[in-house]
Amino acid sequence: MTHRSVRPFIPLLVACAATLLSGAAALSYEVVWSRMLVLVFGNSADATMLVLCAFMVGMAAGARAVGRLADGMPSPLRIYVAAEALLALYAIAVPFLMPSLERAGALTGALDIPLLRAVARFAAAFCIVAVPALFMGATVPVLVRGLAGAAAQVRARVGLLYGANTLGGAMGAALCGFLAIPFLGLRATSWTAAGASLLAAGLGLMALRLSGDTCPAEPASPSPGTNGPVKWPLIAAAVGGFAMLGGEILWARLLTFIFGHDTYAFAILLVVVLAGLGLGGFAHSLLRNRTPLRVAGAALCALGITLLTSYVTAAELILTAGRDPFHIAGAAVWSTSLWKEFVRELSFAPLLVFAPAFFAGLSLPAACAAACPDASQSGRRTGAVLLSNGMAAAAGAVLTSTVFIPLIGIERSLIALSIVAAGAGSLLLVATAVPRTRWTLIPAVPGMAFVLAFALLLPGGLPLALLREAVGPAHQRIIHYEEGRTGTVSVTENRINKERQLFMNAVNEVTTRLVHIQSFKLLGHLGPLLHPHPRTGLLICFGAGVSAGAAIAHPFTSIDIVDLSETVFGAAPHFRRENNDVLADDRVHLHVEDGRQFLLRSEKKYDVMMIDSTHPKAVDSWILYTSGFYRLVKSRLAKDGIAVQWLPLHGLSETEFASILRTFEQVFPHMTLWLSVGFETYGKAAYAKLVGTHDPLQIDYRELSRRLKEPLIAADLARYGMDDPMEILDGFVADADAVRR
């Protein structure tokens with residue numbers, strides 16, 4: 001190959017490098033800004049979904065608007081350079097904007113009507129996230145228009161550019177989630193991503209110079225196979241986006257059944273999905289001489305098939321070989337490694353998600369190619385296809401989470417998405433058959449027939465079977481199972497000793513084992529017992545209601561209970577003996593909301609605040625162990641109020657435990673440290689309590705003894721050997737001076 005023959009491809013190679021960096025920066029922005037926006041919108045699944053939808057809608061609208069603009073410009077690459085430069089400037093400024101955005105988020109929380117509050121938060125998320133996402137969405141349509149001189153070139157290059165951009169996203173998600181944020185922090189990671197955007201802008205400028213600073217010439221006639229109705233490419237793109245994002249929501253839920261609330265699980269899922277999409281985009285370049293709509297139709301059929309087959313294959317592997325099917329934990333090289341869980345998750349996730357992601361990635365550039373009858377309209381048409389894909393993807397995420405899962409469950413939702421994808425693919429194959437005879441229609445039959453047959457023959461109940469595998473099938477009976485909008489709640493009962501356990505997404509949250517009930521009872525009783533006259537109470541995180549059931553034994557006039565999941569309250573009747581049927585008490589008021597956001601929007605002062613947050617390393621609870629949250633708690637605490645936070649000891653190093661203590665002590669300089677009554681079977685205390693007050697804590701032994709003799713309190717504590725004042729006081733470990741030492 002001569003230098004003269006290679007030279008025309010140099011601008012394309014430079015542009016691919018630029019779009020690779022663009023994708024890496026864009027996904028880094030999404031991950032970093034989503035973490036930052038937890039402070040604004042809370043740590044609920046709804047808040048995460050709002051941010052994701054804002055990104056998708058913003059990118060979709062940007063692709064459409066800027067793509068149309070690119071068709072009318074002599075140098076579309078200039079738009080790309082400007083967009084990347086503006087993104088870099090915004091990313092540099094974001095860390096300085098977040099404090100004011102947090103205050104704005106609190107203002108949206110002041111609305112008491114949940115629907116209005118959701119609308120207000122979505123509007124705020126759109127302004128914060130979707131506006132810069134407009135520029136991110138411009139990447140592919142602008143580069144396609146700027147580098148394609150004929151419809152045939154559009155077909156060849158759209159897959160390369162889309163693939164490079166999406167693989168860049170996979171790189172950005174991996175580097176950001178696994179390395180940059182842990183070692184650099186959010187602010188420095190945002191600035192590093194800004195550097196990648198500036199470098200992409202520089203490469204775009206180089207491609208602009210190499211390509212002659214003008215658009216390539218237009219062809220005289222459309223390329224074969226691309227002059228059909230534009231509605232079919234739009235339908236193909238929409239169905240692919242809808243099924244893919246809906247599937248991603250379902251996969252994330254299923255992975256928690258296997259790996260729990262591990263912080264790496266979702267990041268690995270995102271990386272594998274993006275890698276599959278990117279490689280599917282590259283694969284389209286190998287099929288550029290095929291009729292694009294037929295490629296899109298076949299890809300959608302394959303997407304529908306693999307959504308089901310990958311799910312069943314992955315689930316059956318876990319059920320037959322256990323939760324470590326490749327024996328990673330037992331391998332000598334990983335047995336003592338901190339990366340053991342990471343490798344285990346990375347080895348399994350591709351089985352579940354890679355094949356569907358690959359075919360979804362193949363279908364989108366095929367739809368883009370089919371929509372472009374000539375290069376002069378490639379920016380506008382590519383933008384329209386990406387708009388359809390992005391809007392449908394956002395709808396898929398929202399509807400799957402809020403409608404499909406609560407109504408029909410995880411498994412049936414996956415079947416529905418498979419049928420939609422395969423049905424649309426079969427319809428495309430029928431619509432594009434030339435000539436339309438019974439023989440040319442045959443390729444449309446197998447995909448849909450396979451999905452329908454597979455769905456009918458599916459064993460059913462695989463999520464429930466995965467749950468049994470997670471909790472241990474021996475002697476366990478599942479007495480409650482509910483797949484809700486924000487999580488799957490289940491209750492098991494041991495057939496031998498009748499011990500019950502509450503699970504959220506297959507992660508144990510509560511058991512009726514003596515030491516655990518003692519811990520939750522102490523959380524509910526300690527604050528009211530130490531307070532002179534408790535009237536108003538707040539409990540963040542309901543669990544099985546054991547702490548709330550303890551609190552109602554005291555003379556509160558009202559108790560607000562806040563939990564992220566509406567589903568968890570449905571399990572409370574199975575713990576009625578332990579929680580004293582707390583939900584039947586008229587003083588109790590339930591709020592399905594992020595606890596921090598609830599405090600931000602409320603000015604109410606509380607005598608006793610009980611914080612039953614889950615593990616500090618859990619993906620949805622870390623924010624409840626920060627100095628910012630502790631300051632918020634202190635601001636909502638009455639003058640003589642008492643705040644009690646539950647703190648697990650398992651899974652924390654001494655350094656991590658000491659860090660949490662120091663953080664709490666810096667906000668509550670008169671804090672005290674308590675241990676729970678009772679010990680685990682291995683002979684160690686498992687839970688601590690952090691008690692915060694405005695002034696030094698005063699304990700009146702006589703008053704404590706009198707309170708413990710009150711009928712309701714005595715009856716609740718006597719069952720667990722906690723009705724003696726010395727049993728309570730024996731849990732005292734240290735005051736603030738000792739903690740500081």
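In the block above lies the structure referred to throughout.
Parameters at a glance
Residues numbered from 1 in each chain as written. Predicted model: local features only at pLDDT ≥ 70, side-chain atom pairs only at ≥ 80, totals over all residues. Heavy atoms only, no water. Axes fitted to C-alpha atoms, helices over the stretch in contact; angles between N-to-C directions. Helix = DSSP H or I, 4+ residues; strand = E, 2+ residues; numbered from the N terminus. Parallel < 35°, antiparallel > 145°, perpendicular 65-115°, else oblique. Contact = heavy atoms within 4.5 Å. Nonpolar A, V, L, I, M, F, W, Y, C, P; charged D, E, K, R; others polar. Buried < 20%, exposed > 50% of the residue type's maximum accessible area, 1.4 Å probe, protein only. Polar contact = N/O pair within 3.5 Å; in protein donor to acceptor, adjacent residues only side chain to side chain. Pairing = 2+ DSSP bridges. Salt bridge = Lys/Arg side-chain N within 4 Å of Asp/Glu carboxyl O.

(A) Local environment of the packing of helix α8 (residues 231-259) against helix α10 (residues 292-321). Where α8 contacts α10, the axes come no closer than 10 Å and their chain directions differ by 10°. One way to sum up the angle between α8 and α10 is to call them roughly parallel. Where α8 approaches α10, its residues W232, P233, A236, V239, G240, A243, W251, L254 and I258 are matched on the opposing element by L293, A296, L300, L303, L307, Y311 and I318. Considering only residue class, the contact of α8 with α10 consists of 15 nonpolar, 1 polar and no charged.

(B) Quick peek at the side chain of N494. Summarising the element assignment, N494 is placed in strand β2 (residues 488-494). For N494, a relative accessible area of 14% puts it in the buried group. From its side chain, N494 meets the backbone nitrogen of N497 in a polar contact 3.2 Å long. Apart from residues lying up to four places away in sequence, N494 is in contact with H475, Q476 and E499.

(C) Region of the structure containing the environment of E593. Of note, E593 is situated in the loop between β7 (588-592) and α18 (595-601). A relative accessible area of 7% places E593 in the buried class. Between the alpha carbons of E593 and V562 there is a distance of 6.1 Å; along the sequence they are 31 residues apart.

(D) Representation of the pairing of strand β3 (residues 500-504) in the model. Most of β3 is tucked away, with 4 of its 5 residues classed as buried. Both β2 and β3 contribute to a ladder of 5 bridges, which runs antiparallel. By the bridge assignment, V489 is partnered in β3 with M504. Between the antiparallel neighbours β2 and β3 lie 5 residues, among them K498 with a positive phi of about 65°. In terms of strand pairing, β3 meets strand β4 (residues 507-511) through 4 bridges, oriented antiparallel. The residue of β4 that forms the bridge with L502 is V510.

(E) Up close: the pattern of salt bridges. Going through the model one piece at a time under the given rule, you end up with 16 salt bridges. Residue R740 is joined to D737 by a salt bridge in which the shortest nitrogen-to-oxygen separation is 2.5 Å. Here D737 and R740 lie together in helix α24 (residues 736-740), a separation of 3 residues that amounts to about one turn. The partly exposed category is assigned to D737, whose relative accessible area is 43%.

(F) Representation of the sheet that holds strand β6 (residues 558-563) within the structure. The strand order across the open sheet formed by 8 strands is β7-β6-β5-β8-β9-β11-β10-β12, and the pairing between neighbours is mixed. With one partner strand each, in any of the chains shown, β7 and β12 (732-735) form the two edges of the open sheet. Neighbour-to-neighbour, the strand axes of this sheet turn through a mean angle of 15°, independent of strand direction. Sheet analysis places strand β5 (residues 536-540) next to strand β8 (residues 606-611), joined by 4 bridges and oriented parallel. Along β8, the bridge assignment pairs G537 with V608.

(G) Main features of the pairing of β8. Of all 6 residues in β8, 6 are buried; the element is thus mostly enclosed. The pairing of β8 with strand β9 (residues 637-648) spans 5 bridges and is classified as parallel. When the bridges of β9 are listed, V608 appears paired with I642.

(H) View of unusual backbone geometry. Of note in the backbone geometry, A506 takes a positive phi value of approximately 70° without being a glycine. Mapping A506 onto the fold places it in the loop between β3 and β4. Relative accessible area serves as the criterion here: at 10%, A506 is assigned to the buried category. A positive phi angle is found at D581, which is not glycine, with a value near 50°. Along the polypeptide, D581 turns up in the loop between α17 (576-579) and β7.

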